[in-house]
Amino acid sequence: MSQLSDLGKEAKHDFDEVSESKKDLPWYKRLSLTTWIFIALALGVVAGIALQGNAEFATTYIKPLGTIFLNLIKMIVVPLVIFTMTAGVISLSDIKRVGAIGGKTIVYYLATTAFAIIIGLVMANILNVGGGYSLPAGELSYEAKEAPSFIDTIVNIFPANVIQPMADATMLQVIVIALVFGFGIMAAGKKAKPVADLVNSMSEVCIKIMHGIICFAPFGVFGLITPVIASNGPDILLPLLKLIVVAYLAMILHMVIVYSGLVKILANVSPVRFFKDQMSAMVFAFASASSVGTLPVNMECSKKLGVSNEVSSFVLPLGATINMDGTSIYMGVCSIFIAQVFGIDLTIGQQFTIVLTAVLASIGTAGVPGSGMIMLAMVLQSVGLPVEGIALVAGVDRILDMMRTTVNITGDQSCAVCVDAMERRKAERKAAKAA
């Protein structure tokens, strides 16, 4: 207890020092990055509303700010994942430990995905998401892209060469490359020490570059959100407002109940602290609608939450690729919406099929461009709903994508916090036995 007390006093002393040092700074330098991102988001919404009659101006002159920022993020994401994940594997020093962390991570992602789809279905049924709508279906058309088979998915995880996945930013293959080289460096032992030192150094270089890019996040958020609001006026949003509200409520409920409960039970972390430290990544994910693009910001938040680098560098890149809780809620709500619009009553058995299909689809479509639409098409086909119904929600897909990306990256972070806590407890038990 005395050690905990000393740590608490030391933390308070450090906080007081930081607070004192900020007193002499101008007001705009005293504000945190999260606050600036919030301000940029609010200004972007206001600017978007003001430019609804001139969306072309927002797209031509304001959107490039966001595009440049996302390009910088995409530029650093692949080397960041390669070097930080390889460094993380090397730091574990034990292939068994990598397997243990990987196993916990995948089980966590699958379990929360199942919870997510159930919450989406329950909320959509209770709130009667498609009730009262009479939308013409005759002119609807949507050509579903063919989802890869399970065997093809497994085969496609393993790249034929090292360069192509990096050039295409095929993240699942990039993760496999990082793991393979990490294992190779571990197996080579002392002979690979120069390579290990290079990897660790490059990891630090990528992190510093990432820090510099993130400083421009408020400008990027403003550039990304303004054209979205300017282009999607009331005429588009209002007819499907109930769908958006129900989906958003289900996603918020999932974060508040599932993530809060898990970080409290498994990691003993206050949900308030978790969401406070995670907020900058959530705001950026909402504006960018890109899980991979948010990865550097999410890794920064991971440090605030005290997650070890070896866990965050493994769990977060993997989650950005395969964890789709927000997308699962989207599929559940949209499935019920489409069924009700077409006057089709789904049985309990059919809704259970939706849960199973969504969980399996979240793995089967990992890393596939436009995976949200592919997954929804798979789910609709699994219960005999018309795939053309996707055309009903396509107009507001970007609005839904913003929130489901926020849920996805928050789920990644909750997994990192929980897995890290479990690994720490495991290490403490080993140390106690050894003593």
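Our structure is the block above this text.
1. As for the nonpolar core
Here is step 1: If you look at the biggest cluster of nonpolar residues, it comprises 115 residues, and the most contacted ones within it are Leu243, Val333 and Phe337.
Here is step 2: Formed by six residues, the second largest nonpolar core is a distinct cluster that contains Ala87, Ile185, Ala192 and Ala196.

2. Section: the packing of aromatic side chains
Here is step 1: A complete count under the given rule lists five aromatic pairs for this structure.
Here is step 2: Centre to centre, the rings of Tyr108 and Tyr109 are 6.4 Å apart; their planes meet at 80 degrees, and the pair counts as edge-to-face. Grouping residues by exposure puts Tyr108 and Tyr109 together as buried.
Here is step 3: With a centroid separation of 5.2 Å and 75 degrees between ring planes, the pair formed by Phe274 and Phe275 is classed as edge-to-face. The pair Phe274 / Phe275 is uniform in exposure class, with both members buried.

3. Comments concerning the environment of Phe219
Here is step 1: By the secondary structure assignment, Phe219 is in helix H10 (residues 217-231).
Here is step 2: Taking the C-alpha atoms as reference, Phe219 lies 9.3 Å from Trp36; in sequence the two are 183 residues apart.

4. Here we look at the pattern of salt bridges
Here is step 1: Under the definition given, this model contains five salt bridges.
Here is step 2: The closest approach of N and O atoms between Lys193 and Asp197, which form a salt bridge, is 3.1 Å. Linking Lys193 with Asp197, this pair stays in helix H9 (residues 193-214), spanning four residues, or about one helical turn.
Here is step 3: Given a relative accessible area of 36%, Asp197 falls into the partly exposed group.
Here is step 4: A salt bridge links Arg404 to Asp401; the shortest N-O distance between them is 3.1 Å. Of this pair, Arg404 and Asp401 both sit in helix H20 (residues 397-434), three residues apart, which is roughly one turn of the helix. Comparing Arg404 with Asp401, the two get one shared label, buried.

5. A look at the side chain of Gln413
Here is step 1: Tracing the backbone through its elements, the reader meets Gln413 in helix H20.
Here is step 2: Apart from the residues lying within four places of it in its own chain, the contact partners of Gln413 are Phe274, Gln278, Asn298, Cys301, Ser302, Leu305 and Leu316.

6. Quick notes on helix H15 (residues 309-322)
Here is step 1: Taking 1.5 Å per residue, 14 residues should reach 20 Å; H15 reaches 20 Å between its end C-alpha atoms and fits that length.
Here is step 2: Counting buried positions over the 14 residues of H15 gives twelve, a clear majority of the element.
Here is step 3: Of all the positions in H15, only Val311, Ser312, Ser313, Phe314, Val315, Leu316, Pro317, Leu318, Gly319, Ala320, Thr321 and Ile322 are classed as buried.

7. As for the side chain of Asn298
Here is step 1: Tracing the backbone shows Asn298 in helix H14 (residues 291-304).
Here is step 2: Asn298 gets classed as buried once you look at its relative accessible area, which sits at 2%.
Here is step 3: Apart from residues no more than four positions distant in its own chain, Asn298 is found in contact with Gln278, Ala281, Leu316, Ile409, Asp412 and Gln413.

8. Examining unusual backbone geometry
Here is step 1: One non-glycine residue, Asn128, adopts positive backbone phi at about 50 degrees.
Here is step 2: Of the residues examined, Asn128 reaches a relative accessible area of 36% and is grouped as partly exposed.
Here is step 3: In this model, Asn268 sits at a positive phi of 55 degrees, which is unusual for a non-glycine residue.
Here is step 4: Mapped onto the elements, Asn268 comes out in the loop between helix H12 (241-267) and helix H13 (271-288).
Here is step 5: What makes Asn268 exposed here is its relative accessible area of 60%.

What counts and how
- Residues numbered from 1 in each chain as written.
- Predicted model: local features only at pLDDT ≥ 70, side-chain atom pairs only at ≥ 80, totals over all residues.
- Heavy atoms only, no water.
- Core = buried A, V, L, I, M, F, W, Y, C linked by side-chain atoms within 4.5 Å.
- Buried < 20%, exposed > 50% of the residue type's maximum accessible area, 1.4 Å probe, protein only.
- Phe/Tyr/Trp six-rings, centres within 6.5 Å; stacked < 30°, edge-to-face > 60°.
- Helix = DSSP H or I, 4+ residues; strand = E, 2+ residues; numbered from the N terminus.
- Salt bridge = Lys/Arg side-chain N within 4 Å of Asp/Glu carboxyl O.
- Contact = heavy atoms within 4.5 Å.
- Expected span 1.5 Å × (residues − 1).

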